Amino acid sequence: MMGEPVIVFCGIDWAERHHDVALVDEAGELLAKRRISDDAAGYRMLLELLAEHGDSPASPIPVAIETSRGLLVAALRTGNRKVFAINPLAASRYRDRHGVSRKKSDPGDALVLANILRTDMAMHRPLPADSEQVQAIAVLARAQQDAVWNRQQIGNQIRSLLREYYPAALDAFLAKQGGLAREEARIILAKAPTPTQGSRLSLSQLRSALKRAGRIRSIDEEADRLRGVLRAEYAHQPAAVQDAFGKQLLALLKQFEAACQASEDLADAVDASFREHPDAEILLSFPGLGLQLAARVLAETGDDRNRFTDARGLKAYAGSAPITRASGKKHYVGRRMVKNNRLHHAGYLWAFSSLRSSPGAQAHYRHRRDVGDWHAQAQRHLFNRLLGQLFHCLQKRALFDEKLAFNQPASSPVAVAA
């Protein structure tokens, strides 16, 4: 008679060039350990090791690892295998259960990760079973968001530099929508990187620069305005210092141009990819969600409908739901510090944008302010409510309905720390 199959758990301590693997059984006995390389040969060796210990498509061995990204994780996620991304801080706390000497080694960390699944697998969530389509959207949406942040960072550097020697340029462009990121601002600054050169620009040169930037209307009026600003009286740096600043500006403008182009190209890619997803119509039906913001929300929430058992899980993941700490006579309700920061950032933009397009959202926000919430608290509370509605609509495959969403009076105030 054949014995009962052995339940096996796998832990992987990953690094840049190699990974340590440990397999344990349900009694905690070490079955195997191995170091594999970070390449296709190493991944094959890992899969062969798992197969030797009972891994099969019908009953895959669960794996714990301290990351959710990379080629190793992609190789492990083929099929129905559950892969658990364990927070490194949580893993370090588990390490203390095996000894107080604070010793540490890569094979030992792999063993700790395997034992986490053996003892507490129910307390950890496997990586969501998102579709390839939403995984691609996540790559593009995050890259576009990073490009926007990079563009803003370089723009701030240029703004600080212009304050040092070229205030006329700030007066000329900052008041316009887009500021220094406008194409006409980048073209004119590249043509005249110093105040002396800017004051010498003729009307015809300014008109030509505006046309190159794609401007169609009010070209003559804008050229007159720019010439007046650039020729106005300002304090100046010495000529040699001014020229040095101009060279620094030209170097920054090259980076700025690349960042602006990258954000635009990635935005187009996000639009094209997001529109093809089945959830796009539902997300875009919500007030305040445009293509880019909706794509970011989808990228961070995914399309695995079993990822969150209820709306509370989604709200906690996004950081919109408060967290309670109660001990004895102490009771504190505050905002969550551990959350998906990208989704949390998108949520504030979403809540703010919804105020203009949704009377119900505006009324909800005003109610929260009236009962004493700060602006950030009221926005977070509105984001929390919108997330609950989004969870319902995605589960029911229904579009957002303003009357159904805000037919109830706003809830009573909750003490949430800003």
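Since the structure is predicted, the reported quantities are computational estimates derived from the model, not experimental observations.

Q: Any chance you could break down the side chain of Ser 320 for me, citing the residues and the numbers?
A: With respect to the element layout, Ser 320 can be found in the loop between helix H14 (311-318) and strand E6 (323-327). Exposure remark for Ser 320: the relative accessible area of 5% places this residue in the buried category. A polar contact is formed between the side chain of Ser 320 and the side chain of Asn 384, at a distance of 2.8 Å. Contact partners of Ser 320, with chain neighbours within four places excluded, come to Lys 315, His 344, Arg 380, Phe 383, Asn 384 and Leu 387.

Q: Any details on the side chain of His 381? Residues and values, ideally.
A: Residue placement: His 381 occurs in helix H17 (residues 375-396). Among the polar contacts listed, one links the side chain of His 381 to the side chain of His 364, at a separation of 2.9 Å.

Q: Describe empty space enclosed by the protein, listing the residues and the values that go with them.
A: One pass over the structure, following the stated rule, counts two cavities of 30 Å³ or more. Put simply, the largest cavity is a space of about 90 Å³. In terms of lining residues, the largest cavity is bounded by Thr 301, Gly 302, Asp 304, Arg 305, Arg 307, Phe 308, Leu 314, Leu 390, Phe 391, Leu 394 and Gln 395. In terms of residue count, H17 provides more of the lining of the largest cavity than any other element does, four residues in total. The residue makeup of the lining of the largest cavity, split by class, is five nonpolar, three polar and three charged.

Q: Give me the lowdown on the nonpolar core, citing residues and values where you can.
A: Judged by nonpolar contacts, the single largest core of 37 residues is most densely connected at Leu 283, Phe 286, Leu 289, Val 297, Trp 350 and Leu 390. Every element with two or more residues in this core is listed here: helix H5 (132-165), helix H11 (239-275), helix H12 (280-284), helix H13 (291-301), H14, helix H15 (341-357), helix H16 (359-370) and H17. For Phe 286, the residues in contact, after removing those within four places along its chain, are Trp 350, Leu 386, Gln 389, Leu 390, Cys 393 and Phe 400. In terms of nonpolar packing, the next biggest core, distinct from the first, is built from 35 residues, Leu 170, Leu 201, Leu 203 and Leu 249 among them.

Q: Let's hear about the packing of H5 against H11: which residues, and what values?
A: One way to put it is that H5 packs onto H11 with a least axis distance of 8 Å and a crossing angle of 160°. Judged by the inter-axis angle, H5 sits roughly antiparallel to H11. The handedness of the crossing between H5 and H11 comes out as left-handed.

Q: Would you mind going over the sheet that holds strand E2 (residues 18-25) in detail, with residue names and values included?
A: The strand order across the open sheet built from five strands is E3-E2-E1-E4-E5, with neighbouring strands paired in mixed fashion. Single-partner strands in this sheet number two, and they are strand E3 (30-37) and strand E5 (83-85). On average, each strand axis in the sheet is tilted by 20° relative to the strand beside it, whichever way the strands run. In terms of strand pairing, E2 meets E3 through seven bridges, oriented antiparallel. Considered in E3, the bridge of Leu 23 is made with Ala 32. Across the sheet, helix H1 (residues 40-52) is in contact with strand E1 (8-14), E2 and E3; its angle to E3 comes to roughly 165°. Strand contacts of helix H4 (residues 106-120): E1, E2, E3, strand E4 (63-65) and E5, with the helix running at about 140° to E1, the strand carrying the most contacts.

Q: Describe in detail the pattern of salt bridges, supporting the description with residues and values.
A: Enumeration according to the criterion identifies 15 salt bridges in this entry. The salt bridge involving Asp 146 is made with Arg 342; its shortest N-O contact spans 2.9 Å. Here Asp 146 is found in helix H5, whereas its partner Arg 342 is found in helix H15, with 196 residues between them in sequence. Residue class for Arg 342 comes out partly exposed when judged on its relative accessible area of 23%. Glu 222 is the partner of Arg 225 in a salt bridge, and the nearest nitrogen-oxygen pair spans 2.8 Å. Of the two residues, Arg 225 and Glu 222 both sit in helix H10 (residues 219-230), three residues apart, roughly one turn of that helix. Residue classification places Glu 222 among the buried residues on the basis of a relative accessible area of 4%. Among the charged side chains, a network of salt bridges with common partners joins Lys 176, Glu 222 and Arg 225.

Q: Now, about unusual backbone geometry: what can you tell me, with residues and values included?
A: Even without a glycine there, the phi angle at Ser 218 is positive, about 55°. On the secondary structure map, Ser 218 appears in the loop between helix H9 (203-212) and H10. At Arg 397, a position not held by glycine, the phi torsion is positive, near 55°. The residue Arg 397 is located in the loop between H17 and helix H18 (402-405) in this model.

Q: Tell me about the environment of Leu 298, residues and numbers included.
A: Residue position: Leu 298 is located in helix H13. Overall, the relative accessible area of 2% leaves Leu 298 in the buried class.

Q: Please set out a negative patch on the surface residue by residue, giving values where relevant.
A: A cluster of acidic residues, Glu 183, Glu 264, Asp 265 and Asp 268, forms a negative patch at the surface. The leading source of residues in the negative patch is H11, at three residues. Turning to its location among the elements, Asp 265 is positioned in helix H11. Exposure remark for Asp 265: the relative accessible area of 42% places this residue in the partly exposed category.

Q: Which residues make up the packing of aromatic side chains, and what are the values?
A: The full count for this structure, using the stated rule, is six aromatic pairs. Between Tyr 165 and Tyr 166, the ring centres sit 5.6 Å apart and the planes meet at 55°, which makes this aromatic pair tilted. Residue classification places Tyr 165 among the buried residues on the basis of a relative accessible area of 2%. Accessibility expressed as a relative area gives 2% for Tyr 166, which makes it buried. Centre to centre, the rings of Phe 286 and Trp 350 are 5.9 Å apart; their planes meet at 80°, and the pair counts as edge-to-face.

Parameters at a glance
Residues numbered from 1 in each chain as written. Predicted model: local features only at pLDDT ≥ 70, side-chain atom pairs only at ≥ 80, totals over all residues. Heavy atoms only, no water. Helix = DSSP H or I, 4+ residues; strand = E, 2+ residues; numbered from the N terminus. Buried < 20%, exposed > 50% of the residue type's maximum accessible area, 1.4 Å probe, protein only. Polar contact = N/O pair within 3.5 Å; in protein donor to acceptor, adjacent residues only side chain to side chain. Contact = heavy atoms within 4.5 Å. 1 Å grid on protein atoms, 1.4 Å probe; cavity = no way out; pocket = protein on both sides within 12 Å on 5 of 7 lines; lining within 4 Å. Points joined across faces, edges and corners; volume = space filled by probe spheres on them. Nonpolar A, V, L, I, M, F, W, Y, C, P; charged D, E, K, R; others polar. Core = buried A, V, L, I, M, F, W, Y, C linked by side-chain atoms within 4.5 Å. Axes fitted to C-alpha atoms, helices over the stretch in contact; angles between N-to-C directions. Parallel < 35°, antiparallel > 145°, perpendicular 65-115°, else oblique. Left-handed = near helix turned anticlockwise from the far one by under 90°. Pairing = 2+ DSSP bridges. Salt bridge = Lys/Arg side-chain N within 4 Å of Asp/Glu carboxyl O. Patch = residues over 30% accessible without salt bridge, like charges linked within 9 Å, V, L, I, M, F, W, Y side chains within 5 Å. Areas by Shrake-Rupley, 256 points an atom, 1.4 Å probe, with all protein chains shown as cover. Lys, Arg positive; Asp, Glu negative; His and termini not counted. Charge placed at Lys NZ, Arg CZ, Asp CG, Glu CD. Phe/Tyr/Trp six-rings, centres within 6.5 Å; stacked < 30°, edge-to-face > 60°.

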